[in-house]
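What follows is the residue order along each chain.
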Amino acid sequence: MTAVIQATLNGIMMGAMYGLTALGLTLIFGVMKVVNFAHGSLLMVGMFSAYWLIKLTGIHPYLALLIVPPILYFFGYSLQDLVIKPVFKAERQVREPLTVIIVTTGVWYVLDNLALMLFGAEYRTVRTAISNKSFALGQFIISIPKFSGFVVAVATAVGLALFMRKTKIGMALRATSLDREAANLMGIDQYKVYNIAFGLGTAIAGIAGCVLIPFYYVYPSVGVVFDIRAFIIVVLGGLGSIPGALLGGLVIGLIESVFSQFMASTWTEAIIYAIFLVILFVKPSGFFGNKQDW
Amino acid sequence: MSRKQLDTSLLTLAALVAFGLPLVVTSPTYLQILILLFFYAYLTTAWNLVGGFAGVLPLGHSVFVGIGAYTSTILTLQYGVSPWIGMLLGGVLAAVVGVVIGLPTFRMRGAYFCLCTIAFAEGIRVMVENIDYLGPLHVNGPRGLLIPLKEASFWHYQFMSKLPYYYIILVMLLVVLALTWFISRSKIGYYLAAGGEEPEAAAALGVNVANCKLLAMALSCFFTALAGTFYAQLMLYFYPKGLMGLDLSFEIAFIALIGGRGTIAGPVIGALVLRPLNEFTRIYLSDMLPGLHLVIFGLILILVMLYKPQGLTAPLAAAYDRLARRITRDTTPKGEAA
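Residues numbered from 1 in each chain as written. Chains lettered and ligands numbered in written order. Predicted model: local features only at pLDDT ≥ 70, side-chain atom pairs only at ≥ 80, totals over all residues. Heavy atoms only, no water.

For chain B, the count of helices and strands is 14 helices and four strands. Here chain B has a C-alpha radius of gyration of 21 Å; the compact-globule value for 338 residues is 20 Å, and the two agree. Partitioning the contacts of chain B with sequence separation of at least 6, the portion at a separation of at least 24 is 76%. Total accessible area on chain B stands at roughly 15,200 Å², and carbon and sulfur atoms take up 70% of it. Side chains of chain B carry 21 positive and 15 negative charges; the gap between the two charge centres is 5 Å. (Helix = DSSP H or I, 4+ residues; strand = E, 2+ residues; numbered from the N terminus. Rg over C-alpha atoms; globule rule 2.2 N^0.38 Å. Contact = heavy atoms within 4.5 Å. Areas by Shrake-Rupley, 256 points an atom, 1.4 Å probe, with all protein chains shown as cover. Lys, Arg positive; Asp, Glu negative; His and termini not counted. Charge placed at Lys NZ, Arg CZ, Asp CG, Glu CD.)

So, in structure tokens, the structure goes:
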């Protein structure tokens, strides 16, 4: 029983990381109606940025949280502006912008393999003062970096939800998400909103990169692990839903961690896919999704 | 010379070149590259039946390649059935699986459909990697299956040289191209195009969009599975990650999009552009810098989508049209032109 509770705790903390990754993906989908296949690669960029920042300057890992996300915001903003927007414009008439999906896949290939060219295929990790620290909660052991990650993930989700509710930009994002034509007519520049959404989504990938790096390996194709999980999570929680992403992340983390107590970890992966398909068939709109979206 | 004569003679010339190419290309390495080029053109043409005409973007077709390869190989290894028979059985099995998947998923919108096909294909791959025995069938988990060398004969689908493989895949490609041509000119083809663009409008006009899509899916999966058997017999070894991974599914979609999805020549043009590029950059650049060839691959994809979102076939067809008009005008007497 102790092992199961310990696995549950670990699952919740890892699930929060999946949820944090899915948060950026769901934000971009919610506003643009595009599944961003490059999202895992953007997480990888975030992880490498945090890795080099900490490695080269020796700052405290969590100070990177102040530096990496803004950089990633501008990276995502420019990427959307220069690469994705033109394709989007060309496909303006199409309700389902499938070509855009393929462009993001191209971005994924380019980013992952650029990282491979620059940094090689080896697994890297930063050993910091907090990497191996943990605290005891009764008889259970909680790793400090993972716990901090969990806290940051929840804080990011709450912060994003507040941002979407309270600020003018957040309202513009939500308006565009609901009806891009109507938002256009109200004087909202649709493409500028897309840039901001993509930038924010990428910045969140940067946040995830910063909190992952003290306890997770970084390598060029690390994004794929999180990508597939993030896809499953956003469908589980409802594409475009912020609480759905976090809750979906926790569910997937729990399934992965608890099931792996009883069977080979490769089987838990198969179970995750199976659950995903069942959800798609039974309730494609997910926990909190919008019925009109699917 | 009329336009029709010009078209026919050029097509005949292309076919002659394709059939005669092994006379010039004798190196097994280059022959293998050509075989793989046709293999990918074939796979993409089969994908195009549903991905091009039905207006959806399936990203899990590698699973059907896997069904084909596993069906024929397990039947050959354990029951001594000729791969030719196993190939047809695998095709039928893939078509059935395709319809079962298509029934619930064709109701979905683009993004959900994409994610669903990916999850399905990856789920099956992970399961195959975890299964050693499925009932009496020896699947051999992540290690994959090795086909032992038997006597070279047509019945065993094993040959001494690459040449028979070349002609087999060429004929397969021509068959599936002819089928695509036939479908694009049939009622079903028009229904598919209508259903892909405006499902509601097409349904309102009495088109059974769902049934057309299911038929396209069944055909597409059937032909995709045949390629699986071909691959197994060509390489004599395959394993789940290499054969059924996302890479293959994505590459098929890339070739289709760069060539131009929903066109007959698109998959062939896409394969003609991407495959040699892929092979040669891999051979010459991957030693220099690992990953460089895939960066180039991704950049080309992005550039084509930026500047020619409809793929390369439409501008090439327009250029050919201009050229053909000039030629036919030059050589036909006055009054017969146009």
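Moving on: the pattern of salt bridges. Residue and element names in this part refer to chain B. With the rule as written, the count across this model stands at eleven salt bridges over all chains. Put simply, D132 and R143 hold a salt bridge, and the shortest N to O gap is 2.9 Å. Residue D132 is found in the loop between α5 (110–130) and β1 (133–134), and its partner R143 is found in the loop between β2 (137–138) and β3 (145–146); the two are separated by eleven residues along the sequence. When its relative accessible area of 46% is taken as the criterion, R143 is described as partly exposed. Linked through salt bridges whose partners overlap, the residues forming this network are R3, D7, D321 and R325. (Salt bridge = Lys/Arg side-chain N within 4 Å of Asp/Glu carboxyl O. Buried < 20%, exposed > 50% of the residue type's maximum accessible area, 1.4 Å probe, protein only.)

This brings us to the interface of chain A and chain B. Taken together, the contact pairs 42 residues of chain A with 46 residues of chain B. Where chain A abuts chain B, roughly 4,000 Å² becomes buried across the two surfaces, and 79% of that area is made up of carbon and sulfur atoms. Between chain A and chain B we count zero residue pairs in polar contact (both at pLDDT 80 or more) in total. Listed by contribution, the elements that provide at least two residues to the side of chain A that touches chain B are α3 (64–90), α4 (98–119), α9 (222–237) and α11 (265–282) of chain A. Among the elements that make up the side of chain A that touches chain B, the one with the highest residue count is α4 of chain A (15 residues). Partitioned by chemical class, the residues of the side of chain A that touches chain B number 31 nonpolar, seven polar and four charged. (Buried area = accessible area lost by both parts, 1.4 Å probe. Polar contact = N/O pair within 3.5 Å; in protein donor to acceptor, adjacent residues only side chain to side chain. Nonpolar A, V, L, I, M, F, W, Y, C, P; charged D, E, K, R; others polar.)

The next subject is the packing of α9 of chain A against α11 of chain A. Axes are the key here: two packed helices are described by the angle between their axes and the distance separating the axes. Residue and element names in this part refer to chain A. Running from N to C, α9 and α11 point in directions that differ by 30°, and their axes come no closer than 10 Å. In this view, α9 runs roughly parallel relative to α11, as classed from their interaxial angle. The chirality of how α9 crosses α11 is left-handed. Residues I228, F231, I232, V235 and L236 of α9 form the contact with α11, whose participating residues are I272, Y273, F276, I279 and L280. Along the lines of polarity and charge, the residues of the contact of α9 with α11 split into ten nonpolar, no polar and no charged. (Axes fitted to C-alpha atoms, helices over the stretch in contact; angles between N-to-C directions. Parallel < 35°, antiparallel > 145°, perpendicular 65-115°, else oblique. Left-handed = near helix turned anticlockwise from the far one by under 90°.)

Residues and elements named next belong to chain A. Checked against the element boundaries, T104 lands in helix α4. Judged by relative accessible area, which is 1%, T104 ranks as buried. Once residues within four sequence positions are removed from consideration, T104 is found in contact with V34, V35, N36, F37, A38 and I84.

The biggest cluster of nonpolar side chains holds 198 residues, and the ones touching the most others in it are L20, M32 and F37 of chain A together with Y42, F230 and F250 of chain B. Once you skip the residues sitting within four places of it in the chain, F250 of chain B turns out to touch F37, T105, W108 and Y109 of chain A together with L59 and I118 of chain B. (Core = buried A, V, L, I, M, F, W, Y, C linked by side-chain atoms within 4.5 Å.)

The subject of this paragraph is the packing of α11 of chain A against α5 of chain B. Following both chains from N to C, one finds α11 of chain A and α5 of chain B inclined at 150°, their axes separated by 9 Å at the closest point. By the criterion of interaxial angle, the relationship of α11 of chain A to α5 of chain B is roughly antiparallel. In this structure, α11 of chain A meets α5 of chain B at a crossing whose hand is left-handed. Listed contacts from α5 of chain B to T266, W267, E269, A270, Y273, F276, L277, L280 and F281 of chain A of α11 of chain A are Y112, L115, C116, A119, F120, E122, G123, V126, M127 and N130 of chain B. Of the residues in the contact of α11 of chain A with α5 of chain B, the class split is 14 nonpolar, three polar and two charged.

Turning our attention to the layout of surface pockets. Residues and elements named next belong to chain B. Quantified by volume, the second largest pocket comes out at close to 1,400 Å³. Lining the second largest pocket are 32 residues, with L11, A14, A265, V268 and I269 sitting closest to its centre. Put simply, the parts of the chain that give the lining of the second largest pocket at least two residues each are α1 (3–24), α2 (28–51), α6 (163–184), α12 (266–285) and α14 (313–331). Of the residues forming the lining of the second largest pocket, the biggest block, ten residues, is contributed by α1. Among the residues making up the lining of the second largest pocket, the classes are represented as 25 nonpolar, three polar and four charged. (1 Å grid on protein atoms, 1.4 Å probe; cavity = no way out; pocket = protein on both sides within 12 Å on 5 of 7 lines; lining within 4 Å. Points joined across faces, edges and corners; volume = space filled by probe spheres on them.)

Here L6 of chain B lies in helix α1. Between the C-alpha atom of L6 of chain B and that of A324 of chain B, which follows or precedes it by 318 residues, the distance is 7.6 Å.

With that out of the way, let us pick up the packing of aromatic side chains. As enumerated under the stated definition, the model contains 37 aromatic pairs over all chains in all. Seen from their ring centres, Y123 of chain A and Y219 of chain A are 4.1 Å apart, and the 20° between their planes marks the pair as stacked. With a gap of 96 residues between them, Y123 of chain A in the loop between α4 and β1 (134–137) and Y219 of chain A in the loop between α8 (190–212) and α9 connect regions that are remote in the sequence. Residue class for Y219 of chain A comes out buried when judged on its relative accessible area of 12%. Measuring from centroid to centroid gives 5.3 Å for Y216 of chain A and F226 of chain A, while their planes differ by 70°, and the two rings are edge-to-face. Placement of Y216 of chain A in the loop between α8 and α9 and of F226 of chain A in helix α9 is noted, with a sequence separation of ten residues between them. Taken together through their ring pairs, the aromatic side chains of F37, W108, Y109 and F231 of chain A together with F250, F254 and F297 of chain B make up a single cluster. Between K89 of chain A and the ring centre of Y191 of chain A, over which it is positioned, the NZ or CZ distance is 4.9 Å. (Phe/Tyr/Trp six-rings, centres within 6.5 Å; stacked < 30°, edge-to-face > 60°. Lys NZ or Arg CZ within 6 Å of the ring centre and 35° of its normal.)

The alternating pattern of strand β2 (residues 140–143) of chain A places F140 and I142 of chain A on a buried face, while none of I141 and S143 of chain A, on the opposite face, is buried. In this structure, the hairpin formed by β1 of chain A and β2 of chain A is closed by a connection of two residues, where G138 of chain A is found at a positive phi of approximately 65°. (Pairing = 2+ DSSP bridges.)

Without other data, these values stay purely geometric and don't point to any function.
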